[in-house]
Amino acid sequence: MSTLSDDELYQGYFEKVYQHTNVMSYSPEEAAQYAKQGVCLTYGELLYPSVKKLLGKMQLTKDDVFLDLGSGAGKCAFQVFMQSDVGKVLGIEASALLHQQALQVSLTLRKEFPWFWEDNRSCDFVEGNFLHSSWNQATVVYTCSTCFTQELLFAIADKINHTPSVQKVFSLRPLPGLRIPLESVFQVECSWDSALCFFYLR
Ligand SMILES: C[S@@+](CC[C@H](N)C(=O)[O-])C[C@H]1O[C@@H](n2cnc3c(N)ncnc32)[C@H](O)[C@@H]1O
């Protein structure tokens, strides 16, 4: 009898807890309102094997704070939390519906796998515009920025430039004006297609 690998178990589990999450749709008025606030609502996710690829490059320790800018329903954030030694994960998401989904999954995971929260570890989600949230203490920043406008990319770079705790940045679009050297560019797979990931290292 063949046994399942850890990856098959994790992937199967994530599929199960996310099976009831819905695809988002917004009215043109809602979308226009979000756009005015610098929020690009287009949704998609980094696939499981690519999050693992990121984890290999991030080398997270208990002293790290991982920040997901635009965390959606939280899938990437939870995988980082459950498959690394990171001390703290923070996801910031503008869409109230997606944020609610992340909170729902968080309740399930906390109930089924409470030991991931031991030793003062945390995995939190904040609803709102990440440009208006505090990034203090973040050491590693990830953003699935494929659909972000140039203006938003500039604003992210500027905010990182003013957050000295940030050591590593992973973005699916180059961040213009970022004052952290580009370390490498590698390919990742997303729910919509392949993309490049830009890795900056201080
Ligand atoms: C492509 S999804 C990424 C989901 C997840 N991080 C992943 O990689 O699998 C990008 C998310 O960023 C959110 N977003 C875009 N602009 C934002 C902003 N200014 N503040 C907060 N969230 C934002 C969108 O609502 C969307 O859910």
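Above: the structure in question.
Residues numbered from 1 in each chain as written. Predicted model: local features only at pLDDT ≥ 70, side-chain atom pairs only at ≥ 80, totals over all residues. Heavy atoms only, no water.

Trainee: Give a description of the site of the ligand that names residues and reports values.
Mentor: Among the 24 residues in the neighbourhood of the ligand, the closest are listed as C40, G70, E93, F130 and Y142. The contact in question runs from a nitrogen atom of the ligand to an N or O atom on the backbone of A94, over 3.1 Å. One of the side-chain nitrogen or oxygen atoms of Y142 is found 2.6 Å away from an oxygen atom of the ligand. A total of 610 Å² of accessible area belongs to the ligand in isolation, and the protein chains cover 98% of it. Here the ligand occupies the largest pocket. Residue composition of the shell around the ligand, grouped by class: 13 nonpolar, 8 polar and 3 charged. (Near = heavy atom within 4 Å. Polar contact = N/O pair within 3.5 Å; in protein donor to acceptor, adjacent residues only side chain to side chain. Areas by Shrake-Rupley, 256 points an atom, 1.4 Å probe, with all protein chains shown as cover. 1 Å grid on protein atoms, 1.4 Å probe; cavity = no way out; pocket = protein on both sides within 12 Å on 5 of 7 lines; lining within 4 Å. Sits in = over half its atoms within 2 Å of the grid points. Nonpolar A, V, L, I, M, F, W, Y, C, P; charged D, E, K, R; others polar.)

Trainee: I'd like a rundown of the pattern of salt bridges, residues and numbers included.
Mentor: Side-chain pairs of opposite charge can arise where the charged atoms are in close proximity. Following the criterion strictly, the structure yields 4 salt bridges and no others. Taking the shortest distance from any N to any O, the salt bridge between K52 and D7 comes out at 2.9 Å. Pair noted here: K52 is in helix 3 (residues 48-58) and D7 is in helix 1 (residues 6-17), with a separation of 45 residues, a long-range link. By relative accessible area, which is 27% here, D7 ends up partly exposed. Between K75 and E45 there is a salt bridge, with its nearest N and O atoms 3.1 Å apart. Taken together, the positions of K75 in helix 4 (residues 75-82) and E45 in the loop between helix 2 (28-36) and helix 3 put the pair 30 residues apart, joining distant regions of the chain. A relative accessible area of 17% means that E45 is categorised as buried. (Salt bridge = Lys/Arg side-chain N within 4 Å of Asp/Glu carboxyl O. Helix = DSSP H or I, 4+ residues; strand = E, 2+ residues; numbered from the N terminus. Buried < 20%, exposed > 50% of the residue type's maximum accessible area, 1.4 Å probe, protein only.)

Trainee: Describe the layout of surface pockets, listing the residues and the values that go with them.
Mentor: The computed volume of the largest pocket comes to approximately 460 Å³. Around the largest pocket, the lining is made up of 32 residues, and of these T42, Y43, G70, E93 and C144 lie nearest the centre. In the lining of the largest pocket, the residues fall into 17 nonpolar, 11 polar and 4 charged. (Points joined across faces, edges and corners; volume = space filled by probe spheres on them.)

Trainee: Please give an account of helix 5 (residues 96-112) that cites residues and values.
Mentor: Over its 17 residues, helix 5 runs 25 Å from end to end, which matches the ideal 24 Å to within 8%, given 1.5 Å per residue. Taken residue by residue, helix 5 has L98, H99, Q101, A102, V105, S106 and L109 as its buried positions. Projected onto a plane normal to the axis of helix 5, the buried residues spread over an arc of 155° and lie on a single side. Along helix 5, exposed side chains directed more than 90 degrees from the buried face belong to Q104, L107 and K111. Packing partners of the buried residues in helix 5 comprise helix 1, helix 4, strand 2 (88-93) and strand 3 (122-127). (Expected span 1.5 Å × (residues − 1). Arc of directions from axis to C-beta. Contact = heavy atoms within 4.5 Å.)

Trainee: Describe the sheet that holds strand 5 (residues 168-171), with residues and values.
Mentor: The 7 strands are arranged 3-2-1-4-5-7-6 in an open sheet whose pairing can be described as mixed. Looking at the sheet topology across the chains shown, the edges are occupied by strand 3 and strand 6 (182-189). Each strand of the sheet is rotated relative to its neighbour by a mean of 15°, with strand direction disregarded. Of the strand pairs in this sheet, strand 5 and strand 7 (residues 194-201) are connected by 4 bridges, and their pairing is antiparallel. In the sheet register, K168 faces strand 7, and the bridge partner there is L201. Strand contacts of helix 3: strand 1 (65-69), strand 4 (140-143), strand 5, strand 6 and strand 7, with the helix running at about 160° to strand 6, the strand carrying the most contacts. The sheet strands contacting helix 5 are strand 2 and strand 3, and the helix crosses strand 3 at an angle near 160°. (Pairing = 2+ DSSP bridges. Axes fitted to C-alpha atoms, helices over the stretch in contact; angles between N-to-C directions.)

From the geometry alone we can't say anything about function, so treat these as descriptive.
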